[in-house]
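Summary of structural features
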Amino acid sequence: MLKSARLICPESRSGMEFLAEAMPLALLPFCGKSLIDHALTELASKGYQTIQLYLSDRPELIRAQVLKGEKWGLKIAYHPTKHETNIEELRSAALEHGETFDEHDVFTLDRFPLSNSTTLFSNYETLFKSLTDYFPSAGAHQLGMIENPPGVWVGIGTRLPTNVKLEAPCWIGRNVYIADKVEIGPNTIIEDECLIDKGVKTEACQVAQRTYVGCETELRQSIAWGSSLVNWKTGSSLVVRDPFLLSRLDDNDSLSREFSPGILSRLTALIALILASPLALISALILKLTKGQALSSHVAISPHTRKKRALAHEFSFHDFNCTPLLLRRLPRLLSIIAGNMAWVGNPPLTPEEADSLETEFDQLWLAAPCGLVSLGDCYQHTDVKDLEARTHAAFFAAKPSRNLSRQTLTWLFFGSNAQTTTKT
Amino acid sequence: MNIQSNNTTLNISEVQELTAANAISAKSTIKEALSPDHTQIDIDLSTASFVDSSGLGVLISLHKEMASRNGLLRILNPTASIDQILELTRLHRLFEVVKQ
């Protein structure tokens, strides 16, 4: 019989919201691996073969990282739950289904390692202390980490100039770039792929993966996650607005990768605009003569995730003042060429409308690019107050597919005018 | 789609799909079957092959209807693909999802 464990992934804990906003706590990276990676390694080494994972916070992100568990030689079964489940709930569910239940095989991913008695997420101080207690033993089990001199762990691909001052114990992950005259003090953990610029001084701090620490910056008693900085001693936190001091290395890149239309889409929009320009000019002239104003201007907010809200920007776009949808949206081709819109996306929202999206489900609206046409258009539900509009937007953002985009575009060219006529 | 009333619970089963093609008719059929005594809807999606955005709209609408009468909507045994859609759209936090 396969040895099976139940692993409960934590939801956000009181006082830890600042970190939990960036990612589920189970995915927080420590010493080159995520917390869940450390836990599954530990469970595999204890002889467990199947793991029942109970997930309440952003399960899709955890599922995407853990997959089927082949990496650890484990078989993983996923159980998304509404809230963080507990041992009693698991016990009663097991009894209800006639399954065996042993509470020694139930672990909550808030300890490090799992058998530890101290919880990681009581406050930032316990989190940091647990980390510094753990990393000397973590190094011994990880490939590509070398201890030299004693108490100083350095990963492969890391640049360490000769004029850097290192004081044990400290951990410098893989592919870290350390510039000249850097002083890395005791109890510093610098995760993989960070860039530590000239003259930086650190002591008793953790610098998360792919973080840039700017010239002459001093970090003490802090946890730096991209541009977010938490003082683990006092629990105070702030977002550093100056990217030359502290920032996440790939924020701008990933934003443009996630949300900007590809070069092919932009090129197609340019060709479409050139071909449609005679029609656009005639329409503009007629609308100007009949209605006084050919275009209506709108302001929209660029798509963003909760985590990247600070990087969202406003942009303006125009529509023709007429009823047929295809003609009305013709000026939006300019926004596609400019990289602010996609051919198919979610309806653009004003910053005020974006602020009205409260739940995680509603906020998925902003996790897809603004579109010339949207899934909601096909069903004539595009008002942000409309529940069905929010459902279409969330569905499109959560499960984008070429097929869905193709169907929506087909509707724009062949169905929209028919529907507009019917409606009229 | 099979609808059966069991005291205060409305049991819906044999749902083949919940898409734009049948969402409006499914919603109106269920709402017609719903009496003021019903405080729970159990919708069995074990036989449903696909749910699209319109289908999710039906589920949310029923959830709102039940919430307005302090009731409950439960999704029973969703297939793996539907379970994934519920996860991706964060609706697993809104609905009671029961797997047996």
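Keep in mind it's a predicted model, so treat the numbers as computed, not measured.

**Re the overall build of chain B**
A count of helical and extended segments in chain B gives three helices and seven strands. Tracing chain B from N to C terminus, the helices and strands come up as β-β-β-α-β-β-α-β-α-β. Here chain B, with 100 residues, has 35% of them falling under the buried criterion. Of the contacts formed within chain B by residues at least 6 apart in sequence, a portion of 75% connects residues at least 24 apart.

**Looking at the pairing of strand β4 (residues 40–44) of chain B**
Residues and elements named next belong to chain B. Side chains I41 and I43 project from β4 onto a buried face, and the interleaved Q40, D42 and D44 project onto a face without burial. Where β4 lies against strand β6 (residues 72–76), five bridges are found, and the strand directions are parallel. In the sheet register, I41 faces β6, and the bridge partner there is L73.

**Structural notes on the sheet that holds strand β4 (residues 50–55) of chain A**
Within a sheet, each strand pairs with its neighbour through backbone hydrogen bonds, oriented either parallel or antiparallel. All names here are of chain A. Reading across the sheet, the four strands line up as β5-β4-β1-β6 and stay open at both edges, with parallel pairing between neighbours. Whereas interior strands pair on both sides, the edge strands pair on one side only; in this sheet they are β5 (75–80) and β6 (106–108). Across the sheet, the axes of successive neighbouring strands diverge by a mean angle of 20°, strand direction being ignored. Looking at chain direction, β4 and β5 are connected through six bridges and run parallel. Counted as the bridge partner of L53 is Y78 from β5.

**Regarding the confidence of the model for chain B**
Residues and elements named next belong to chain B. Here chain B averages 90 in pLDDT, and 100% of its residues register 70 or above. Per-element confidence in chain B is highest for β4, whose mean pLDDT is 94, and lowest for helix α3 (residues 80–88), whose mean pLDDT is 86. The complex prediction reports pTM at 0.60, with the ipTM value standing at 0.87.

**Notes on the interface of chain A and chain B**
Many authors give the size of an interface as the accessible area that is lost as the parts come together. Across the boundary between the two partners, chain A contributes 17 residues, which contact 16 residues of chain B. Listing elements by their share of the side of chain A that touches chain B, those giving two or more residues are α3 (59–66), α11 (360–363) and α13 (387–398) of chain A. Per element, the largest residue contribution to the side of chain A that touches chain B is seven residues, and it comes from α13(A). Looking at the side of chain A that touches chain B residue by residue, the classes come out as ten nonpolar, two polar and five charged.

Scoring rules and cut-offs
Residues numbered from 1 in each chain as written. Chains lettered and ligands numbered in written order. Predicted model: local features only at pLDDT ≥ 70, side-chain atom pairs only at ≥ 80, totals over all residues. Helix = DSSP H or I, 4+ residues; strand = E, 2+ residues; numbered from the N terminus. Buried ≥ 20, exposed ≤ 12 C-beta atoms within 10 Å, placed from the backbone. Contact = placed C-beta atoms within 7 Å. Pairing = 2+ DSSP bridges. Axes fitted to C-alpha atoms, helices over the stretch in contact; angles between N-to-C directions. pLDDT = per-residue confidence, 0-100. Nonpolar A, V, L, I, M, F, W, Y, C, P; charged D, E, K, R; others polar.

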